[in-house]
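# Breakdown of the fold
As a plain string of letters, each chain reads:
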Amino acid sequence: MDQLLDQFFNLSIMQQVFPLLVKGLWMTLKVCAIVIPVGAFAGLVVALCATSQSRLARILTVPYVDLFRAVPPLVLLIFIHSGLPFAGISLSPFQSVTLAFLLNNSAFYGEIYRAGLESIGAGQREAARSTGLTALQTNIYVVIPQAVRNVLPDLLSNTIEVVKLTSLASVVALPELLYSADMARSITFNASPLVLAAAFYLVLLWPVVRLLSRLERRVAA
Amino acid sequence: MLLIHADARRGLPAARPLLLAQVDTALTPDTPILDVRGLTKRFGSTEVLKGIDLKVRPQELVFVIGPSGSGKSTFLRCCNRLEEPTDGSIRVAGVELLAHKVDINAMRRRIGMVFQSFNLYPHMTARGNVMLALRKVLKMPKEQARAEADAALDRVGLADRAGHHPSALSGGQQQRVAIARALALKPELMLFDEPTSALDPELVGSVLGGMRDLKADGMTMLVVSHEMRFAQEAADRVVFMDGGVIVEEGPPSAIFGAPKHERTRAFLSRVLN
C-alpha cells in the first residue's frame, strides 16, 4: 500500500513537477485554442461544400473528408512532422500538430455539421429565399443556427475527443501536458506526474462532459 | 436596333436586346401583375408543365384547382422561381423573371409566398420570423422593422402572439404568421400553395379569413387550394389544370356551375361529393 501511494500519489513529487505540468497544460490549451475554433469553422465550410448545389464542390469534399477521417491522426502527425521534410517542408512541432489536427478535425466536424444541415428541411430554405434572402443569408440566419442546435451534443463530444487527441503531440516532442508529465516521470522514476496529468485532464474536461450529458438528456426529452 | 449597333461598337456584349425589351413594357394600371406565357417545366424526361398562359390583373384573386399531379403547385413555384422553368416567359409587374440579368432576390420580395407546411423558422419568435427579411433584405433599422412586424402580425390578428415561438402556436396561427411574414414586405403579388391543406378542419377558417381580409385590402393573389367553397365565394377567376395544361378558366359561377370540359366535370364531381 505504501509503495502504491509512493509510486502513484507521491505528493512531494507532484509538488515538484507541478510547475512543469502547468506549462504543459498551457501548451495543450494553446493547441486547443487554435485547433478547436478553426477546426470547427473549417468543418462548417466543408459541410456547406458537401451539401452545396455545386456538383464540383460536392465531389471535391468527398476525398477530403474520407481521407482525413480514415487516416489515423497519429500517422498523419508523424507523416507531416517526419515525412514532409523530405519534400523540403519542415514544420516546427507546434505547426505540425496544429496542421495535422486541423485536417483531421475539420473532416470530423464537417461530417457532424453535414448531418445537421441535412436535418433541416428544404422548406426552411424555400421560405427564406421566397422573402428575398440570398443563399448566404439563408444559411447564416435560418439553416446553420438550426443545424448546429440539432447536432450540438455531437459537436461537443467531438470537441472532447480533440482535447484528448492533443496528447498525441507528445510523439513529436511538443511539450504539452502528457509530454511534460512523461518527462517528469522519467526524471523522477515515479508515476505520480502521470496521475497528476490525468487529474488535469479530468478537471479540464469534466465540466464539458457534464454539460454534454445534460444536453443529451434535453435532446432526448 | 440602332441602340444595339451602338452597343456593338462600344464592344458591349450582345445581351442587350433582352434588357431593352424589358424596359419597353410601360406600366399602366392595366398591366397584369403576373403575365405568364408559354411556360414549360420538365423534370428529366417528364414534362410537368406543357405551356401555361395566364394573366393575373391587379387586385384579382385567381384560384388554381386540379387533381394532384396536375402541375398546379409546380406552376405556382415557378412564379417566383423556386422552381426553375424550362422555357417560357413570366413577367411580374412588367419585369421578366426569366431574363438573364434579373435580380431574383429583389423580385422575390415583391412576390409573397405562403406554403402548405408554413415553414416558419422554429428558432425565432413570430416577430423574429417576420422581422428577418425586413432587417436583412430591406435593411430596415431594428426599431422600424419591429414596428412593421408587429403591424403585420396585427393585420392577421396575432398581435398578442408576437413573442411566441412557432411551437407554441396552433397550425392556424402559424400559417397566419407565415402570411404576415410575406405581407410585411409589402408584396405586389401573393402566392398561396395549398395554405390550408396541413390544417385541422376547425383551424381552416381563421386562415381563409385572413386571406379574405387581404383580398378586401386589394392584394393580388394566386391561390392553389382544394377549398372549393372558398373559391366559389372569394375568387374572381378559377383556373382548372390537368396534365400540365390549363383545361379551362372562368368566373367561379361558370367553372362550378357549368363546366365546359368533361375533365373539369369529372374532377368537380369527385371533389364536391
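Each value, and the rule that gives it
- Residues numbered from 1 in each chain as written.
- Chains lettered and ligands numbered in written order.
- Predicted model: local features only at pLDDT ≥ 70, side-chain atom pairs only at ≥ 80, totals over all residues.
- Heavy atoms only, no water.
- Helix = DSSP H or I, 4+ residues; strand = E, 2+ residues; numbered from the N terminus.
- Buried < 20%, exposed > 50% of the residue type's maximum accessible area, 1.4 Å probe, protein only.
- Contact = heavy atoms within 4.5 Å.
- Axes fitted to C-alpha atoms, helices over the stretch in contact; angles between N-to-C directions.
- Parallel < 35°, antiparallel > 145°, perpendicular 65-115°, else oblique.
- Left-handed = near helix turned anticlockwise from the far one by under 90°.
- Nonpolar A, V, L, I, M, F, W, Y, C, P; charged D, E, K, R; others polar.
- Buried area = accessible area lost by both parts, 1.4 Å probe.
- Salt bridge = Lys/Arg side-chain N within 4 Å of Asp/Glu carboxyl O.
- Polar contact = N/O pair within 3.5 Å; in protein donor to acceptor, adjacent residues only side chain to side chain.
- Pairing = 2+ DSSP bridges.
- Core = buried A, V, L, I, M, F, W, Y, C linked by side-chain atoms within 4.5 Å.

### Concerning the overall build of chain B
Scanning chain B for helices and strands turns up eleven helices and ten strands. Expressed as a percentage of its 273 residues, the buried residues of chain B come to 53%. A separation threshold of at least 6 residues defines the contact pool for chain B, and within that pool the share at least 24 residues apart is 65%.

### Details of the side chain of Asn139(A)
All names here are of chain A. Tracing the backbone through its elements, the reader meets Asn 139 in helix H7 (residues 135-165). On the basis of relative accessibility, which here comes to 13%, the residue Asn 139 falls in the buried class. In contact with Asn 139, not counting residues within four places along its chain, are Leu 48, Arg 125, Ile 144 and Pro 145.

### Some points on the packing of helix H7 (residues 171-183) of chain B against helix H8 (residues 201-216) of chain B
Residues and elements named next belong to chain B. Packing of H7 against H8 brings their axes to within 8 Å, and their N-to-C directions diverge by 20°. In terms of orientation, H7 and H8 fall into the roughly parallel class. Like other packed secondary-structure pairs, H7 and H8 cross with a definite hand, here right-handed. Residues Gly 171, Gly 172, Gln 175, Arg 176, Ile 179 and Leu 183 of H7 pack against Leu 203, Ser 206, Val 207, Met 211 and Leu 214 of H8. A breakdown of the residues in the contact of H7 with H8 according to their chemical character gives six nonpolar, four polar and one charged.

### A few points about the interface of chain B and chain A
Of the residues lining the interface, 22 residues belong to chain B; the matching set on chain A comes to 17 residues. By the criterion of area lost to chain A, the three top residues of chain B are Tyr121(B), His123(B) and Lys136(B), representing 31% of everything that side buries. The interface formed by chain B and chain A includes one salt bridge. A salt bridge links Glu126(A) to Arg77(B), with the nearest nitrogen and oxygen atoms 2.8 Å apart. Our enumeration of links across chain B and chain A arrives at seven residue pairs in polar contact (both at pLDDT 80 or more). Of all the secondary-structure elements, those providing two or more residues to the side of chain B that touches chain A are helix H4 (104-108), strand S6 (111-114) and helix H5 (126-136) of chain B. With three residues, the single largest contributor to the side of chain B that touches chain A is H5(B). Taken together, the residues that form the side of chain B that touches chain A break down as twelve nonpolar, four polar and six charged.

### A closer look at the sheet that holds strand S4 (residues 87-92) of chain B
Spatial strand order, S2-S1-S4-S5 (chain B): four strands in an open sheet with antiparallel pairing. Each edge of the sheet is formed by a strand with only one pairing partner; in this case those strands are strand S2 (46-56) and strand S5 (95-96) of chain B.

### Observations regarding the environment of Phe256(B)
Residues and elements named next belong to chain B. Along the chain, the position of Phe 256 falls in helix H10 (residues 252-257). Residue Phe 256 is classed as buried on the basis of its relative accessible area, which comes to 14%. For the pair formed by Phe 256 and Ser 167, sequence separation is 89 residues and the distance between their alpha carbons is 38 Å. In this structure, Phe 256 is in contact with Met 228, Ala 231, Gln 232, Val 238, Leu 268 and Leu 272, ignoring residues within four places of it in sequence.

### Describing the nonpolar core
Membership of the largest hydrophobic core comes to 128 residues, with the highest contact counts inside it found for Phe75(B), Met190(B) and Leu222(B). Sorting elements by how many residues they give to this core places H7(A) first, with ten residues. With residues near it in sequence (within four places) discarded, Met190(B) still touches Gly112(B), Val114(B), Ile179(B), Ala182(B), Leu183(B), Leu214(B), Met219(B), Thr220(B), Met221(B) and Leu222(B). Core analysis: the second largest hydrophobic core is formed by twelve residues, Ile13(A), Val17(A), Leu177(A) and Ala197(A) among them.

### Here's the deal with the environment of Ser82(A)
Position of Ser82(A) relative to the elements: it lies in helix H4 (residues 73-83). In this structure Ser82(A) comes out as partly exposed when scored by relative accessible area, which is 39%.

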